[in-house]
Amino acid sequence: MKRGAILLLSALGLVAGQSRATAEPVFLSRQYTRCTNCHFSPTGGGLLTPYGRSLSREELSTFGASRASGSPGREQEFLFGAAGDALRPVSVGIDLRPSHLDVDSPGYSSTRDFLMNADLTAAMQRGAWTFYAQVGRQPRGEDARVASFEHWVSFKTERGLGVRAGRFIPAYGVKVADHTAFSRASLDLDNDEQVYGLELSFTGSRHLVQVSAGPGYADAVDDEGRRAFTATGRWQFDLRPRVVLVASGLYRDASDLDPRSGATGLALSIAPTSRLTLWTQADARFREGTSGQPAYTLLADAAFEVYRGVWVKFSPQLRTAFGHASAGVVRLNFGLNLLPRTHWNVVLSYYHDRDRQADRSTKALLLQLHLYL
C-alpha cells in the first residue's frame, strides 16, 4: 500500500475509530452558539436533548411532521415516539451509521462497505444534575469492540458554575462533526481518544470557560507506559449572536512512550446570514525534543444551505510536520449534508489529500447514512 493511502486511511480513522453524532458549527447561522442548546454534552455531540430533537424537525429538516399534519406530533422522539412517556425522565437514543468508502491512490485502490458505529445512549437530568452514559460498537480492523466510550455525571448551578467527572472528549477549539478533520485528528481529539478527567466550567451570557484535567487517555489509564497527565482549557466569547471567538490550550505530560506535548489555538466563527456559516481555526503543536518550528494546523470551513435541510460544504486544511513547515499534508474536503427528515441524515464527503513532501495524492469518497433514533 502506498504511503498516501496509508495516511488517508489513518486520518479517516475507519480502521480504529468511528464517527459518532456530533454537533455541527454550521448551526451558528441559526444563532445557536452553545452546544448545550441541543445536546446534553457541554462539548457537543452525542445524545440530543428533547429541545434538540424538536429543533431537528422544526428548523433543520427539509420535511417535518408538524408541517405535514398541522400538529406537532411526536415524530422526533425516540423510536419516532413509539415509546411514549414510558421512559421519562430518561432520554434515550440509538445512533447507527452504515457507510461506504472508496479510496484511490497511486498503486492502490479500495472499496469497503461497513457499519461505522452503533451506539445506545441514555441521559437523565434531575435539577442541576445530569447523568450520561453511552455503550457502542467500535470498529477495530476486522474486529469490533463493544464498550462504554463516554460516561459522566455533571452538576451546574444557577450562577453558571459547573463540574463534570467521567470519560469524555475534552473541550478544545471548535468540535466539528468530521472527526478526521486536522483540527481534531492531529491533536489526538478523535472519537476514540476520550480522557478520564474532571472538568470545571463557567457559563455566562456571552462567555463559556471550560478547564479539564486528568490522568490522560481513558484507554491508557491502566497502562503505565502510555498514561500521562492531560489538561485542557477553552474560552469562548460570543462577540455577536452569529460571531464567536474561541481560544484553546492543551497540555500532555510525558509518558514512558511519548514525549511531553501541547497545543494552542484560535478559532473564529461567523454566520453572515441565516444560510451561511464561515469559520477558521489555527493551532500550533509543540513536542519536547523536537528542534525547529512547531507543527501547525490550519483549517477553514464554509457551509451554505442551498435549500432547507440541504447543506454544501468546502473545507481546505493544512497540517505541517514538526521542524519542517514545508512538509505535511494539504487536504481539500467537499461535502454534501442532507437532512431530509428528523432521524435521517445523509452525508457525502470527498477528500483529496496531497503529501507536500512526496508530492503524492490520495482521494477518498465517503458516503454515510446516519440514523439517530
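So, here's what we can say about the structure. Small disclaimer: the values here were computed from a predicted structure and weren't measured.

Before going further, it helps to examine the overall build of the protein. Across its full length, the protein holds 4 helices and 16 strands. Looking at the 373 residues of the protein, the share that counts as buried comes to 48%. A separation threshold of at least 6 residues defines the contact pool for the protein, and within that pool the share at least 24 residues apart is 54%. Of the roughly 16700 Å² of accessible surface on the protein, 60% is carried by carbon and sulfur atoms.

Take the environment of glutamate 199 next. Within the secondary structure layout, glutamate 199 lies in strand S6 (residues 195–203). According to the relative accessible area criterion, glutamate 199 is buried, its value standing at 2%. Residues glutamate 199 and glycine 214, 15 residues apart in the sequence, show an inter-C-alpha distance of 8.8 Å. Those residues in contact with glutamate 199 that sit more than four places away from it in its chain are Pro42, Thr43, Gly162, Val163, Arg164, Phe168, Ala171, Gln210, Val211 and Ser212.

On to the packing of aromatic side chains. Under the counting rule described, the total for this entry stands at 7 aromatic pairs. Considering the side-chain rings of phenylalanine 229 and tyrosine 251, the 6.4 Å spacing of their centres and the 55° angle between planes classify their relative orientation as tilted. Of the two residues, phenylalanine 229 sits in the loop between strand S7 (207–217) and strand S8 (230–240) while tyrosine 251 sits in strand S9 (residues 243–252), which places them 22 residues apart along the sequence. The partly exposed category is assigned to phenylalanine 229, whose relative accessible area is 42%. When the ring of tryptophan 235 is compared with that of phenylalanine 237, the centres are 5.8 Å apart and the planes differ by 10°; the resulting orientation is stacked. Residue class for phenylalanine 237 comes out buried when judged on its relative accessible area of 18%. Arginine 164 extends its terminal NZ or CZ atom over the ring of phenylalanine 168, reaching a point 4.1 Å from the ring centre. Here arginine 319 stacks its cationic end above the ring of phenylalanine 182, 4.5 Å away from the centre of that ring.

What follows deals with the pattern of salt bridges. A full pass over the atoms with the stated rule returns 11 salt bridges. Between arginine 57 and glutamate 58 there is a salt bridge whose closest N-O contact spans 2.4 Å. Through salt bridges that share partners, Arg145, Arg167 and Asp219 make up one connected network.

Looking now at the environment of glutamine 31. By the secondary structure assignment, glutamine 31 is in the loop between helix H1 (3–12) and helix H2 (50–60). Glutamine 31 sits in the partly exposed class, given a relative accessible area of 44%. Glutamine 31 sits 240 residues away from alanine 271 along the chain, and the two C-alpha atoms are 8.3 Å apart.

Basis of the calculations
- Residues numbered from 1 in each chain as written.
- Predicted model: local features only at pLDDT ≥ 70, side-chain atom pairs only at ≥ 80, totals over all residues.
- Heavy atoms only, no water.
- Helix = DSSP H or I, 4+ residues; strand = E, 2+ residues; numbered from the N terminus.
- Buried < 20%, exposed > 50% of the residue type's maximum accessible area, 1.4 Å probe, protein only.
- Contact = heavy atoms within 4.5 Å.
- Areas by Shrake-Rupley, 256 points an atom, 1.4 Å probe, with all protein chains shown as cover.
- Phe/Tyr/Trp six-rings, centres within 6.5 Å; stacked < 30°, edge-to-face > 60°.
- Lys NZ or Arg CZ within 6 Å of the ring centre and 35° of its normal.
- Salt bridge = Lys/Arg side-chain N within 4 Å of Asp/Glu carboxyl O.

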